[in-house]
Amino acid sequence: MPYIRHAPPLLCALIACAAAARAGAPSPSPFPSSSTPAPAGSPTILAWRVDPSTHYTEEVHMSHVIANDLAGIYKKLAGSKADPVTILEDRTTDLNAGQGGGVDGSTVDVRHYGGLQSKDTSVMKRASTYKGTIAPNGRRTPADEPLYDAGAGALCEFPSTPVAVGQSWTITRNILVDRDLGHGAMTYTDTLEKLDIRQGHRIAVIAVKGAGRVDVAPDLAAKGFKTADMALTGTAEFDTTTGLPGVQHYTAHVQWNTKVLWVHLGLVFDDTFDAVAWAAKRS
């Protein structure tokens with residue numbers, strides 16, 4: 001059984017209907033509501049630090065919503081098959097650090113189909129491993145591309161020179177869209193918005209915007225869905241005192257389009273990515 005399930009059955013039903021016809025409350029912010037601005041000064045070095053004999057934990061929660069854009073009459077013909085599909089995904093990564101930035105890690109993904117309130121209670125798990133190095137600028141060797149989600153790329157590389165408040169930099173990474181729904185490349189524009197002092201730690205607050213072009217899965221491309229623009233926006237924090245990522249929150253959106261007998265059909269993907277601050281514990 002494949003790990004990922006996406007929208008082809010739903011799209012097939014919608015296409016068939018079109019052809020036949022022709023013939024809650026907001027989530028709280030994950031970021032602290034108060035902090036002390038860091039004193040004005042020289043540019044700040046943004047650098048990862050992976051200490052030997054230290055265990056690191058990264059936790060990410062994602063929400064993927066797959067919906068359709070279809071004229072009302074055709075949506076009625078499709079009935080419940082046109083309803084959006086929600087996938088909730090929790091990802092936990094444990095990394096054990098050695099010398100020279102070396103890490104040996106394992107990742108477990110748990111996916112809940114249909115959302116927490118759905119009658120579909122199926123859950124899928126996937127485990128993977130990584131062994132390599134994380135450089136001070138964040139680059140991994142060997143590379144971990146394509147990234148498992150668009151939200152995973154925002155802090156994956158920093159400039160080699162100090163960064164001043166208001167300064168921006170760009171990085172480009174290959175990404176997956178819900179694992180096998182699509183793939184492409186995204187360019188992130190990160191801007192250092194401010195520096196805060198919290199409990200003696202210097203926190204860089206970074207505004208993130210992403211823009212990319214993504215292809216849809218081959219079986220959907222065969223139905224005429226074209227390469228589309230994907231946009232991402234959000235905010236990230238990086239603890240320059242510990243050299244570790246802080247909380248992150250991003251939303252991303254893409255819509256692929258096609259026509260069946262002159263009937264517009266759109267496949268819409270909305271993604272939410274939330275990460276907590278990395279946890280570190282000496283081994």
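All values reported here derive from a predicted model rather than from experimental measurement. (Residues numbered from 1 in each chain as written. Predicted model: local features only at pLDDT ≥ 70, side-chain atom pairs only at ≥ 80, totals over all residues. Heavy atoms only, no water.)

S.K.: I tried to follow the overall build of the chain on my own but got confused; where do I start?
M.R.: Assigned secondary structure in the chain consists of three helices and 13 strands. Buried residues in the chain amount to 46% of all 283 residues. Approximately 13900 Å² of the chain is accessible, and the part contributed by carbon and sulfur atoms is 55%. (Helix = DSSP H or I, 4+ residues; strand = E, 2+ residues; numbered from the N terminus. Buried < 20%, exposed > 50% of the residue type's maximum accessible area, 1.4 Å probe, protein only. Areas by Shrake-Rupley, 256 points an atom, 1.4 Å probe, with all protein chains shown as cover.)

S.K.: I'm lost on empty space enclosed by the protein in this one. Help?
M.R.: As a volume, the largest cavity reaches approximately 30 Å³. The wall of the largest cavity is formed by M62, H64, E89, R111, Y148, D149, D178 and R179. A breakdown of the residues in the lining of the largest cavity according to their chemical character gives two nonpolar, one polar and five charged. (1 Å grid on protein atoms, 1.4 Å probe; cavity = no way out; pocket = protein on both sides within 12 Å on 5 of 7 lines; lining within 4 Å. Points joined across faces, edges and corners; volume = space filled by probe spheres on them. Nonpolar A, V, L, I, M, F, W, Y, C, P; charged D, E, K, R; others polar.)

S.K.: For this particular structure, what's the right way to read the environment of A154?
M.R.: Structurally, the position occupied by A154 is in the loop between β6 (140-141) and β7 (168-177). Since its relative accessible area comes to 0%, A154 is described here as buried. Distance in space between the C-alpha atoms of A154 and A207 is 9.5 Å, their sequence separation being 53 residues. Look past the residues within four positions of A154 in its chain and what remains in contact with it is I171, Y188, D190, V208 and Y250. (Contact = heavy atoms within 4.5 Å.)

S.K.: Explain unusual backbone geometry here, please?
M.R.: The general pattern is negative phi for most residues beyond glycine and trans for most peptide bonds. A cis amide bond links T141 to the next residue, P142, at an omega of 0°. Relative to the helices and strands, P142 is located in the loop between β6 and β7. P146 follows E145 through a cis peptide bond whose omega is -5°. Within the element layout of this structure, P146 appears in the loop between β6 and β7. Of note, the phi angle at S53 is positive, near 60°, even though the residue is not glycine. Along the polypeptide, S53 turns up in the loop between β1 (36-37) and β2 (54-69). The backbone of R179 shows a phi angle near 70°, a positive value even though the residue is not glycine. Along the polypeptide, R179 turns up in the loop between β7 and β8 (182-198).

S.K.: Is there a simple way to think about the nonpolar core in this case?
M.R.: Soluble, globular proteins show a tendency: their nonpolar side chains are buried together. Residues Y188, M230 and W256 are the most contacted members of the largest nonpolar core, which totals 58 residues. Not counting residues up to four positions away in its chain, the partners in contact with Y188 are L147, A150, G153, A154, W169, T170, I171, R173, I175, V208, K209 and G210. (Core = buried A, V, L, I, M, F, W, Y, C linked by side-chain atoms within 4.5 Å.)

S.K.: Honestly, the packing of aromatic side chains in this entry has me stumped. Any pointers?
M.R.: Centre distance and the angle of the planes are the two values used to describe a pair of aromatic rings. One pass over the structure, following the stated rule, counts six aromatic pairs. Relative to F238, the ring of W48 lies with its centre 6.1 Å away and its plane at 50°, an arrangement referred to as tilted. Residue W48 is located in the loop between β1 and β2, and its partner F238 is located in strand β10 (residues 228-239); the two are separated by 190 residues in the primary sequence. When its relative accessible area of 9% is taken as the criterion, W48 is described as buried. Take F238: its relative accessible area is 0%, and that puts it in the buried class. Ring centres of F158 and W169 lie 6.2 Å apart, and the angle between their planes is 75°; on these two criteria the pair is classed as edge-to-face. Taken together, the residues F158 in the loop between β6 and β7 and W169 in strand β7 connect sequence positions eleven residues apart. (Phe/Tyr/Trp six-rings, centres within 6.5 Å; stacked < 30°, edge-to-face > 60°.)

S.K.: I'm lost on the layout of surface pockets in this one. Help?
M.R.: Gaps left between atoms show up when a probe the size of a water molecule is rolled over them. Of the pockets and cavities examined, the largest pocket occupies roughly 680 Å³. Around the largest pocket, the lining is made up of 35 residues, and of these R91, R140, D144, L147 and Y148 lie nearest the centre. Elements that contribute at least two residues to the lining of the largest pocket include exactly β3 (85-97), β4 (102-113), β5 (123-134), β7 and β11 (244-260). The class makeup of the residues in the lining of the largest pocket is 16 nonpolar, nine polar and ten charged.

S.K.: Is there a simple way to think about the pairing of β2 in this case?
M.R.: Each regular strand displays side chains that alternate between the two surfaces of the sheet. Pairing between β2 and strand β13 (residues 279-282): four bridges, direction antiparallel. Bridge pairing in β13 places T54 opposite R282. Bridge count for β2 against β3 is twelve bridges, and the pairing is antiparallel. Residue I66 lies in a different strand from β3, and its bridge partner there is V85. Judged from the ten bridges that link them, β2 and strand β12 (residues 263-275) form a sheet pairing that is antiparallel. Residue pairing in the sheet places N68 in a bridge with L267 of β12. (Pairing = 2+ DSSP bridges.)

S.K.: I tried to follow the side chain of T107 on my own but got confused; where do I start?
M.R.: Inspection of the secondary structure assignment puts T107 in strand β4. A polar contact is formed between the side chain of T107 and the side chain of T93, at a distance of 2.9 Å. When sequence neighbours within four positions are dropped, the list of residues in contact with T107 reads R91, T92, T93, R126, A127 and S128. (Polar contact = N/O pair within 3.5 Å; in protein donor to acceptor, adjacent residues only side chain to side chain.)

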